[in-house]
Amino acid sequence: MAPQLGPDELLHVFSFLRAQDLLCVAQVNKVWNEISQTKELWRHLCVSRWSSCKASRMVLGTQTWKQYYLCRSELEFRVASGRPGKDFICKAIAGHTGYIERLAYISTNEYRFDGGEKSVICTVSSDCTVRAWDLHEGTEIWSSPRQPVPLKNLVTYPQLKLVVTIDTKGLIKMWKAETGWELASFCLPTSSSAMEPCDHPEGLFLLAACVNGILYILRVPQLQVVSTVTVFSNTFASLLCSPDQQWVFASAQDSDVCPKVFYTQSLLCPSEDEPPVSTTLPLWMCSQACWAPDEAARLIVVHKNEDEDDMQLVVTTFELRSKKSSRDRVDILVQQVASFLPDTLMSPHLMQGYGSQVILLTSGLELMLFTIHGLQLVAFQDHQKPITSMRVDLDRVITSSMDLSLRVYVWNKKNKFPVLKSCYHLLGGSHKWASGFTHVESDSTNIVGVEARSNGTSILRSYCFRIQRG
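Quick summary incoming for the structure in this document. Worth saying up front: this structure is predicted, and the values here are computed from it rather than measured.

A few words now on the pairing of strand S8 (residues 171–176). Residues in a regular strand point their side chains to alternate faces of the sheet. Examined bridge by bridge, strand S7 (residues 162–167) and S8 share five bridges and lie antiparallel to one another. In the strand pairing of S8, Val 163 is matched with Trp 175. Where S7 folds back onto S8 in an antiparallel hairpin, the turn is made up of three residues, including Gly 170, whose phi is positive at roughly 100°. As defined by bridge partners, S8 adjoins strand S9 (residues 182–187) across five bridges and the pair is classed as antiparallel. Each bridged residue has a counterpart across the sheet, and for Trp 175 the counterpart in S9 is Glu 182. Linking S8 to S9, which pair antiparallel, is a turn of five residues; within it Gly 180 sits at a positive phi near 85°.

Attention shifts here to the side chain of Thr 457. Position of Thr 457 among the secondary structure elements: in the loop between strand S31 (446–453) and strand S32 (458–465). For Thr 457, a relative accessible area of 13% puts it in the buried group. Within the structure, Thr 457 has its side chain in polar contact with the side chain of Asn 455 (distance 2.7 Å).

Here four strands make up an open sheet; going across it, the order is S26-S27-S28-S29 and the pairing antiparallel. Every other strand in the sheet has two partners, leaving strand S26 (387–392) and strand S29 (419–427) as the edge strands with one partner each. Direction aside, the axes of adjacent strands within the sheet are offset by 20° on average. Here six bridges tie strand S27 (residues 396–401) to strand S28 (residues 405–412), and the two strands are oriented antiparallel to one another. Across the sheet, the residue bridging to Ser 400 is Leu 406, located in S28.

Now for helix H5 (residues 65–81). End to end, H5 covers 24 Å across 17 residues, agreeing with the expected 24 Å (1.5 Å per residue, within 8%). Along H5, the residues classified as buried are Trp 65, Lys 66, Tyr 68, Tyr 69, Cys 71, Arg 72, Ser 73, Leu 75, Arg 78 and Val 79. For H5, the secondary structure elements touched by its buried residues are helix H2 (19–25), helix H4 (39–49), S27, S28, S29 and S32. Immediately downstream of H5, the backbone of Gly 82 shows phi near 65°, a positive value.

Right, let's talk about the sheet that holds strand S17 (residues 278–280) for a bit. Pairing between the strands of a sheet comes from backbone hydrogen bonds, and it takes one of two forms, parallel or antiparallel. Here we have four strands laid out as an open sheet, ordered S14-S15-S16-S17, and antiparallel in their pairing. Of all strands in the sheet, those bounded by a partner on one side alone are strand S14 (238–241) and S17. Across this sheet, the average inter-strand angle for adjacent strands is 20°, counted without regard to direction. In terms of strand pairing, S14 meets strand S15 (residues 247–251) through four bridges, oriented antiparallel. Across the sheet, residue Ser 238 finds its bridge partner in S15, namely Ser 251.

Another point: unusual backbone geometry. Cis geometry is found at the peptide bond from Val 220 to Pro 221, where omega equals 10°. Its place among the elements puts Pro 221 in the loop between strand S12 (214–219) and strand S13 (224–230). The backbone of Lys 161 sits at a positive phi, close to 55°, despite the residue not being glycine. By the element assignment, Lys 161 lies in the loop between strand S6 (151–157) and S7.

Buried together is how nonpolar side chains tend to be arranged in soluble globular proteins. The biggest cluster of nonpolar side chains holds 36 residues, and the ones touching the most others in it are Phe 14, Trp 42, Leu 406, Leu 426, Ile 447, Tyr 463 and Phe 465. Looking at this core element by element, the count peaks at six residues for H5. Among the nonpolar cores identified, the runner-up in size contains 19 residues, and Val 164, Phe 186, Cys 210 and Leu 223 belong to it.

Attention shifts here to the state of the cysteines. Counted under the stated rule, the structure contains zero disulfides. Of all cysteine sulfurs in the structure, the one in Cys 46 sits closest to Cys 71, which takes part in no disulfide; the separation is 10 Å. With no disulfide of its own, Cys 464 lies 11 Å from the sulfur of Cys 90, the closest cysteine sulfur.

For the rest of this paragraph, the subject is the packing of H4 against H5. Contact geometry for H4 and H5: axes closest at 8 Å, N-to-C directions at 35°. Seen from H4, the contacting residues are Lys 39, Trp 42, Arg 43, Leu 45, Cys 46 and Arg 49; seen from H5, they are Trp 65, Lys 66, Tyr 68, Tyr 69, Leu 70, Ser 73 and Glu 76. Classifying every residue of the contact of H4 with H5 by side-chain character gives seven nonpolar, one polar and five charged.

Analysis parameters
Residues numbered from 1 in each chain as written. Predicted model: local features only at pLDDT ≥ 70, side-chain atom pairs only at ≥ 80, totals over all residues. Heavy atoms only, no water. Pairing = 2+ DSSP bridges. Helix = DSSP H or I, 4+ residues; strand = E, 2+ residues; numbered from the N terminus. Buried < 20%, exposed > 50% of the residue type's maximum accessible area, 1.4 Å probe, protein only. Polar contact = N/O pair within 3.5 Å; in protein donor to acceptor, adjacent residues only side chain to side chain. Axes fitted to C-alpha atoms, helices over the stretch in contact; angles between N-to-C directions. Expected span 1.5 Å × (residues − 1). Contact = heavy atoms within 4.5 Å. Core = buried A, V, L, I, M, F, W, Y, C linked by side-chain atoms within 4.5 Å. Disulfide = S-S within 2.5 Å. Nonpolar A, V, L, I, M, F, W, Y, C, P; charged D, E, K, R; others polar.

In short, the description is geometric, and any link to function would need to be established separately.
Here's what the structure looks like:
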């Protein structure tokens, strides 16, 4: 039968094969081998397995789709296995003389296996410096001059290689991520409670919330004021931009002040005659919020039930959309789509969304997965001390704890709802010198935790996963 099939017919037949079958047919003869290497076959396998491969801006570098598929598959196996020395190398990276308050990647979270991949992270510390680190090499790239007061927060713009920091008095500075050069600065009238980057069709912006309740919108990289708006009266806690960047959620944490949602366009292009378009959500004592990453504007909020005597926590999900009204005015339409009361959720807690239907919640030692309608999918108690932070991405979840360990989970997406598989611990240093992990972040090839030391400093502990290139 095989001699009767031409290249086009063979290509069609091969399009139904799995990766391991394509590798087998490549050994039949020269013609089958050549057709099994076809770019479209391996691109189809990549897109079918990893949704991120559909992105138009995906960078392959010098690798082929076949090389990409095989390398990423091997990397996933190594991340799921977590064998020290075989699958990853652990590096302790020191330099700060104070506690690390925040960290963020400046390198893009791309899967590249052509030698061009990098993992670069920036940190701010109570020692009044911002620093950049090469996690693969385990070295410091640069450190800023010592600032007048401690730095408390940072955000990054990987596409422009920019880092923005803010200190405890509200001074915002823009830094060039590759060199550490200071590019611009702007001083808020008070200290800040939150910063949020905004990548909008109108351009790149920075949203900065003052503790006096005023929201500043600054253009990046100049840090020029675009608009200001009074959101609350002498209180502000958090800011969150929606995945489509069309909405901004603002809240006053654990306060009886109801949270608000702004239409982003009205903040970036303010009108002299009209205030920014916003709506108030009828929620009381909000403590956490997140957006469902696979939906344009699905907002999930943890709050207290005002009608209940025991003040039980409630998780409520909303859908937002805009509607043009008369005179080109935009109205915000809010629909509640789900709400439930988790039995075991107690403050303090963390929350992240996954996909469009799944919520991850932490409470004390426990990590729980729910659907937005309250169906509990799974619960874990893998830590000996409270969970301090949580990193959620398409392939895995990592939690950090004061028990001086990071716990790695991987997603099982074969069921109706994705669930987690608990895999292994990544251990920190000696309990004699360290008190626990306070933060965790990750990219395609690295997991990095902030390890607090008993002498009042922090170090980075990097776990670098590498594949064997042939």
